[in-house]
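Analysis of the macromolecular model
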Amino acid sequence: MLSTIEHLLPTDFPVVTRLATDTVQANLGYLCNQQCLHCHVNAGPKRTELMSRETMARIFKFIEQHPVTTLDLTGGAPEMNPDFRWMVEKAVSKGLRVIDRCNLTILSEPGYEWLGDFLAEHSVEVVASLPCYLEDNVDRQRGKGVFDQSLLGLKQLNELGYGRGKHALNLVFNPQGTELVPDQAKLESDYRQFLKQQFDIDFDHLLTITNMPIQRFGSTLLSKGHFHSYLETLKGAYSPANLPKVMCRSLVSVDWEGYVYDCDFNQMLKLPVDGKKGIRIDQLNVDSLLAADIVTGKHCWACVAGAGSSCGGALSD
Ligand code: SF4
Ligand code: SF4
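Residues numbered from 1 in each chain as written. Chains lettered and ligands numbered in written order. Predicted model: local features only at pLDDT ≥ 70, side-chain atom pairs only at ≥ 80, totals over all residues.

Observations concerning the site of ligand 1
In the vicinity of ligand 1, 13 residues are found, and the nearest of them are Cys 32, Cys 36, Cys 39, Ala 43 and Asn 103. Of the residues contributing to the shell around ligand 1, the split by class is six nonpolar, six polar and one charged. (Near = placed C-beta within 6 Å. Nonpolar A, V, L, I, M, F, W, Y, C, P; charged D, E, K, R; others polar.)

A short note on unusual backbone geometry
In this structure, the amide linkage connecting Leu 9 to the following residue, Pro 10, adopts the cis form with an omega of -5 degrees. In this structure, Gly 76 follows Gly 75 across a cis peptide bond, with omega equal to 25 degrees. When you line up the elements, Gly 76 lands in the loop between strand S2 (70-74) and helix H3 (84-93). Despite not being glycine, Leu 104 has its phi angle at roughly 75 degrees, a positive value. Looking at where Leu 104 falls in the secondary structure, it is placed in the loop between strand S3 (97-102) and helix H4 (115-121). When the 24 C-beta atoms within 10 Å are taken as the criterion, Leu 104 is described as buried. Here the phi dihedral of Gln 215 falls at roughly 45 degrees; this positive angle occurs in a residue that is not glycine. With respect to the helices and strands, Gln 215 occurs in helix H8 (residues 215-224). (Helix = DSSP H or I, 4+ residues; strand = E, 2+ residues; numbered from the N terminus. Buried ≥ 20, exposed ≤ 12 C-beta atoms within 10 Å, placed from the backbone.)

Considering helix H2 (residues 53-64)
Relative to the 16 Å expected for 12 residues at 1.5 Å per residue, H2 spans 17 Å between its end C-alpha atoms, a close match to the ideal helical length. Taken together, the buried positions of H2 are occupied by Thr 55, Met 56, Ile 59, Phe 62 and Ile 63. Buried residues of H2 fall within an arc of 110 degrees about the axis and therefore sit on the same side. Counted as exposed and oriented over 90 degrees from the buried face of H2: Glu 54, Lys 61 and Glu 64. Turning to H2, the residues buried within the fold contact strand S1 (23-27), H3 and strand S7 (251-254). (Expected span 1.5 Å × (residues − 1). Arc of directions from axis to C-beta. Contact = placed C-beta atoms within 7 Å.)

A few points about the site of ligand 2
Around ligand 2, a shell composed of Val 246, Met 247, Cys 248, Asp 262, Cys 263, Phe 265, Asn 266, Ile 294, Thr 296, His 299, Cys 300 and Cys 303 is seen. Here the residues of the shell around ligand 2 sort into eight nonpolar, three polar and one charged.

Points about the environment of Thr 105
Within the secondary structure, Thr 105 sits in the loop between S3 and H4. What makes Thr 105 buried here is the crowd of 24 C-beta atoms within 10 Å. Along the primary structure Thr 105 and Val 92 are separated by 13 residues, whereas in three dimensions their C-alpha atoms are 24 Å apart.

Description of helix H6 (residues 146-159)
Along its 14 residues, H6 runs 20 Å from first to last C-alpha, staying within 8% of the 20 Å computed at 1.5 Å per residue. All of the buried residues in H6 are Val 146, Phe 147, Gln 149, Ser 150, Leu 151, Gly 153, Leu 154 and Leu 157. Once H6 finishes, Gly 161 follows within two positions and takes phi at roughly 100 degrees, a positive value.

Remarks on the nonpolar core
By size, the foremost hydrophobic cluster in this structure holds 94 residues, and its most contacted members are Val 24, Ala 26, Ile 59, Val 126, Ala 128 and Val 260. Counting residues per element, this core draws most heavily on H6, at five residues. Setting aside chain neighbours within four positions, we find Ala 26 in contact with Met 51, Ile 59, Leu 71, Leu 73 and Val 254. (Core = buried A, V, L, I, M, F, W, Y, C linked by C-beta atoms within 7 Å.)

Shown next, in the form of structure tokens:
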């Protein structure tokens with residue numbers, strides 16, 4: 001895989017500063033049952049990096065000292081971490097809103113029969129990737145058979161009350177290639193109509209996320225000679241109204257070893273919060289984050305292009 005970091009720094013991206021931290025996004029490891037083309041984590045079935053319970057405990061210590069209301073669990077497939085259930089139960093007992101970034105196919109993998117009931121029992125919000133409502137497009141991006149297996153997962157979640165008024169189920173769309181995301185509200189309406197009519201599937205919201213020119217996707221762009229033109233497209237579509245809303249202002253991202261980053265993308269680029277050396281979450285000075293400059297690179301244009309992009313979808317209408 002080709003490295004992208006040397007093409008992303010230095011940058012003329014505008015200065016962005018931190019607000020109070022209300023969300024901790026924890027990457028529980030790079031192990032995943034899938035191996036998608038666009039994956040910015042480069043996750044897969046052979047990865048062995050997994051967050052330990054000790055590191056999870058350090059995250060809870062940080063949460064106790066900050067106005068954190070949301071714990072957002074990512075991976076890989078976060079559910080494949082052996083301590084996933086321990087972490088969710090502890091977070092719920094502390095009154096936190098818990099989000100599971102679920103790839104849907106994990107729900108029907110052997111050994112994960114407990115997962116759907118567990119998520120519903122703890123009212124964990126599910127954010128699930130479904131980059132298109134057409135089988136060919138999903139299978140091309142995420143692997144053969146993934147679309148059908150994703151539908152199975154969605155049906156299981158619907159039966160548990162997800163997307164049907166009891167628990168939150170949001171879907172994630174990302175483009176197939178270098179195009180900017182289409183209008184989120186219009187696409188949500190198309191998804192809703194198609195999935196209901198064809199498969200009787202319900203969901204709450206569709207979140208559109210712009211592809212990041214890093215990791216596997218960035219490497220593919222570099223090898224095809226499209227990397228720099230993609231960066232220019234993103235920068236050319238800059239909408240300044242998105243800048244104050246970028247997710248890194250109120251979020252910290254923690255890697256599987258407990259080191260802190262301004263967001264998941266910076267984590268993958270190994271750009272820690274202080275820009276130089278990594279700081280572990282238990283070593284972070286409680287007040288040092290407030291008003292600190294966020295570490296940015298040219299990849300940041302993906303967050304502010306067009307309608308904007310974040311783990312919560314578009315930033316403006
Ligand atoms: S399911 Fe998600 S984490 Fe797993 S390989 Fe695909 S994009 Fe990466
Ligand atoms: S890539 Fe990360 S640091 Fe850059 S603007 Fe987006 S969320 Fe913020």
